[in-house]
Each structure stands twice: as structure tokens, then as C-alpha cells.
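# An overview of the molecular structure
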Amino acid sequence: MLASAAVNILFASETEKAEFWIPLLEKALPQDRFVTTTDQPIDIALIATPPAGTLGKLKGVKLIQSLWMGVEKLLADPGLPKGVPIARLLDPGMIAAMSESVLSHVLDWHRHHYRYRAQQAERQWRRRKQYLASDRTVGILGMGVLGTDAAKKLLALGFNVAGFSRRPKSMPGVQCFTDLAAMLRITDALVCLLPLTNETRGILNGRNLGLLKKHACVVNLARGGHLVVSDLIRELDSGHLAHAYLDVFDQEPLAPSEALWTHPGITITPHSAALTEPRTAIAKIAENVERVRRGETPHHLVDFASGY
Ligand code: NDP
């Protein structure tokens, strides 16, 4: 493609608002044409939860740029055209938001705030034992973009940090593991930031949760499919786990009839741990559009073989 050539860019999402995004995209990429239907040839598609059938019409596009970090739904869509590269969106605003969510849940547990909220409801004045951050080990499942940013910020607060990844890693100050059981045995607060793949589905199961230290907390901010809910409830009810913070669920929105809503050991947030932030994401999208225009490989391409 010529370095100066204008491109047709499809914006297709049932969750992200086109009327909000497109004016910002037009400002960043003034020479390009943004459309919301596939009636004309498309060069690049910006996608998050696209309307049914959209992916099937994208044969031959040069890039599908996800507007989200997680791409498991796109990869599972039977309409996904073969041979089209998919890029994940690494949005600085979203990464910062995720680390803030990790810190707020870990601190809520570490400083006993979940207990004090319950005590307040009972008008009960009772101080709990104080721990130092250095008494606690936070284990992070997934040492990718999100896991490493959260690890840095937890270290800055004085927590011991351990991280689990598929391939061996090294990060200053972090105990890095590829042996899951070994990491779980030293973990007081477990934070899941894994992509959902065939290998990671159900990783938060009874066997693994049972390896955590007594009165540990579990923070699942990745995907509902990582957690075996009945196993979590068993570990909470037995007193082995102190509390769980759940942001993601198999069925979203979580149905009002779900028992999880009222379990005293569970704090629920509505898949809000980190949202794509157009103000910081647009520059990253524009960078990849320019790379395609120059005939270069886009950043952050999904590895289809590993599923993330
Ligand atoms: P990355 O691809 O940057 O990192 C993934 C990490 O998981 C890597 O360290 C990888 O190991 C590790 N991993 C993958 N498979 C395995 C496995 N089988 N065993 C052990 N480790 C494994 O992902 P991100 O950090 O960008 O995002 C993670 C997930 O967070 C997303 O996929 C998404 O589902 C979720 N998310 C949730 C949001 C929310 O609001 N709740 C918002 C944004 C994202 P290795 O380093 O060896 O490759």
C-alpha cells in the first residue's frame, strides 16, 4: 500500500459507541474513511463484540484491530476469516485502570476492609490484626502486559510478588514461576490476569485454590471461564479462603437470580476492572493503521497457535 494512500476503516461494535469513537478516530487519521457497514471494500476493521455475521465479511482485510485486550471471543467465532492478522489493543489507560483494580482489591483484603464493611452492618467495633505488606505474597497468574504492570505497582507498595507464566520469565523483585503448584503454595492473594485458552480454562479450581495459603483471597479480573464457581464457594465456606473479588462471569450480565450476588465471601464488580479508554487508545490504533499503510507488520499480533 502507498504510504500516502487513504484506507477504508470499518468500526463494528455492539458495546463501544461508534458516535463517540469515530470523531476521535477521524481527528487522529484525517485522511482515512470510517464506515460502520461492510457495503464497501474494507482495508482495516476495528472490532469489539461485532454484530453477528460481520467477521465473515472481512475476507482479505489487512488487519482486524481488536478494541479490547482479550480476543478469545473473536478467535472462537466460526466466521473469522482465515489468514487475516488480528492485533490486540494495548491501551495505556486500560492497563493503568487494571492495575488500580488489582491494587484496590488486594488492599481491601490486606487491610480487612471487606470484614469492616460486614462489621459496620452489625454495628460491631472490632480491630483486626495488622499485617505489613511485606508479610503478604501476591501471586499473579499471567505475567503479560497487565500482570507485569500490576506486579510493579504491588512491589512499590512493599508486597512480595510472585508471577506465573507459560514460558520462563525474569522480572526484578518478582519470583517467577512456570510451576503453578509451587507458586500457589506461597501465595496469600491470588490475582488472575490470564488470557482464556484451552489450557487456562478452569485453572481456578478446587485443587489449585486448595494449595493457596490459609485465609487467602482470590481476585479474578480475567475471564469467567477461568473459575470453577462451585469449587470457589466450597473453599470460601470451609474457611480456607477469606474472600473473593470477581469481575468476570461465564454469563454476563450476571443474572439477578445468581446466588453469587449474596454470598458474604464474594465482592462482585460488573466486568469493569478495566475499560478501553478512547483518549489513550486512539494513538495506539493510529500507530497500527500507519504501520499497515507503510506495509509494516502491525504491533501486538495474536499468536493463533497459543490462542492469545
Ligand atoms: P498478555 O497476552 O500480555 O499476557 C498473558 C500472560 O498469560 C503471559 O504472561 C502468558 O505467558 C500467560 N499465559 C498464557 N497462557 C498460559 C498458560 N497456559 N499457562 C501459564 N501462563 C500462561 O495478556 P494481557 O496481560 O494483555 O491480558 C490478559 C487478559 O486479561 C486478557 O486476555 C483478558 O481476557 C483480560 N482482561 C480483562 C479485563 C477486564 O476488564 N476484566 C480488561 C482487559 C483484559 P507467556 O508470558 O509465557 O506468554
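Only a predicted model underlies this, so the values are computations on that prediction, with no experimental measurement involved.

### Concerning the site of the ligand
Lining the immediate surroundings of the ligand are 29 residues, of which Arg88, Arg167, Lys169, Leu221 and Tyr308 lie closest. Leu221 places a polar main-chain atom, nitrogen or oxygen, 2.8 Å from a nitrogen atom of the ligand. Contact distances for the ligand include 2.6 Å between an oxygen atom and a side-chain N or O atom of Tyr308. Across the complex, the protein chains shield 94% of the 950 Å² of accessible surface that the ligand would expose by itself. A majority-of-atoms criterion places the ligand in the largest pocket. Among the elements of the structure, helix H3 (92-110) and helix H5 (145-156) are those that each provide at least two residues to the shell around the ligand. Among the residues forming the shell around the ligand, the class breakdown is 16 nonpolar, 6 polar and 7 charged. Residues from two domains meet in the shell around the ligand; each of domain 1 (8-91 + 276-293) and domain 2 (94-268) gives at least three.

### Observations regarding the nonpolar core
By size, the foremost hydrophobic cluster in this structure holds 33 residues, and its most contacted members are Val102, Val106, Trp109, Val138, Ile140, Leu154 and Leu193. Within the residue set of this core, elements represented by two or more residues are H3, strand S6 (137-141), H5, strand S9 (189-192), strand S10 (216-220) and strand S11 (241-246). Broken down by element, this core gets its largest block of residues, 8 residues, from H3. With residues up to four places along the chain from it excluded, the contact list for Trp109 reads Tyr114, Arg136, Asp188, Ala189, His215, Ala216, Cys217, Ala242 and Tyr245. Listed in part, the 28 residues of the second largest apolar core include Leu180, Leu190, Ala244 and Ile268.

### Thoughts on the layout of surface pockets
In this structure, the largest pocket encloses a volume near 1,100 Å³. In this structure, the largest pocket is lined by 47 residues; those nearest its centre are Arg88, Leu146, Leu193, Leu194 and Pro195. Elements that contribute at least two residues to the lining of the largest pocket include exactly H3 and H5. Its residues assigned to classes, the lining of the largest pocket comprises 23 nonpolar, 14 polar and 10 charged. Structurally, the lining of the largest pocket is a two-domain feature, drawing no fewer than three residues from each of domain 1 (8-91 + 276-293) and domain 2 (94-268). Computed from the structure, the second largest pocket encloses a volume of approximately 480 Å³. As for the second largest pocket, its lining consists of 23 residues, of which Thr49, Trp68, Glu72, Lys73 and Arg223 are closest to the centre. Residue assignment for the lining of the second largest pocket shows that the elements contributing at least two residues are strand S3 (44-48) and helix H2 (72-76). No other element matches the 3 residues that H2 contributes to the lining of the second largest pocket. A breakdown of the residues in the lining of the second largest pocket according to their chemical character gives 9 nonpolar, 7 polar and 7 charged. Both domain 1 (8-91 + 276-293) and domain 2 (94-268) contribute no fewer than three residues apiece to the lining of the second largest pocket.

### Some remarks on the pattern of salt bridges
Taken as a whole, this structure holds 11 salt bridges when the rule is applied. Arg279 is the partner of Glu277 in a salt bridge, and the nearest nitrogen-oxygen pair spans 2.7 Å. Among the ionic contacts, a cluster of salt bridges with common partners joins Asp32, Glu290 and Arg293.

### Some thoughts on the sheet that holds strand S4 (residues 63-66)
Within the open sheet, the 5 strands sit side by side as S2-S1-S3-S4-S5. Their pairing is parallel. The open sheet terminates on both sides in strands that have one partner only, identified here as strand S2 (33-35) and strand S5 (86-87). Strand direction decides the pairing type here: S4 and S5, joined by 2 bridges, are parallel. Note that in S5 the partner of Ile64 across the bridge is Ile86. Strands in contact with helix H1 (residues 18-28) are strand S1 (8-13), S2 and S3; relative to S1, the strand with the most contacts, it is inclined by about 155°.

### A look at the packing of aromatic side chains
Tallying each qualifying case throughout the model produces 1 aromatic pair. Aromatic pair Phe11 and Trp21: ring centres 6.0 Å apart, planes at 40°, arrangement tilted. Taken together, the residues span a long stretch of sequence, with Phe11 in strand S1 and Trp21 in helix H1 at a distance of 10 residues. Each of the two residues, Phe11 as well as Trp21, counts as buried. The residue whose ring lies beneath Arg136 is Trp109, and the NZ or CZ to ring-centre distance is 4.0 Å. The cationic tip of Arg136 hangs over the ring face of Tyr131; the distance from NZ or CZ to the ring centre is 4.0 Å.

Rules used in this analysis
Residues numbered from 1 in each chain as written. Predicted model: local features only at pLDDT ≥ 70, side-chain atom pairs only at ≥ 80, totals over all residues. Heavy atoms only, no water. Near = heavy atom within 4 Å. Polar contact = N/O pair within 3.5 Å; in protein donor to acceptor, adjacent residues only side chain to side chain. Areas by Shrake-Rupley, 256 points an atom, 1.4 Å probe, with all protein chains shown as cover. 1 Å grid on protein atoms, 1.4 Å probe; cavity = no way out; pocket = protein on both sides within 12 Å on 5 of 7 lines; lining within 4 Å. Sits in = over half its atoms within 2 Å of the grid points. Helix = DSSP H or I, 4+ residues; strand = E, 2+ residues; numbered from the N terminus. Nonpolar A, V, L, I, M, F, W, Y, C, P; charged D, E, K, R; others polar. Domains from an automatic or database assignment. Core = buried A, V, L, I, M, F, W, Y, C linked by side-chain atoms within 4.5 Å. Buried < 20%, exposed > 50% of the residue type's maximum accessible area, 1.4 Å probe, protein only. Contact = heavy atoms within 4.5 Å. Points joined across faces, edges and corners; volume = space filled by probe spheres on them. Salt bridge = Lys/Arg side-chain N within 4 Å of Asp/Glu carboxyl O. Pairing = 2+ DSSP bridges. Axes fitted to C-alpha atoms, helices over the stretch in contact; angles between N-to-C directions. Phe/Tyr/Trp six-rings, centres within 6.5 Å; stacked < 30°, edge-to-face > 60°. Lys NZ or Arg CZ within 6 Å of the ring centre and 35° of its normal.

Function cannot be read off these values alone, since they describe shape.
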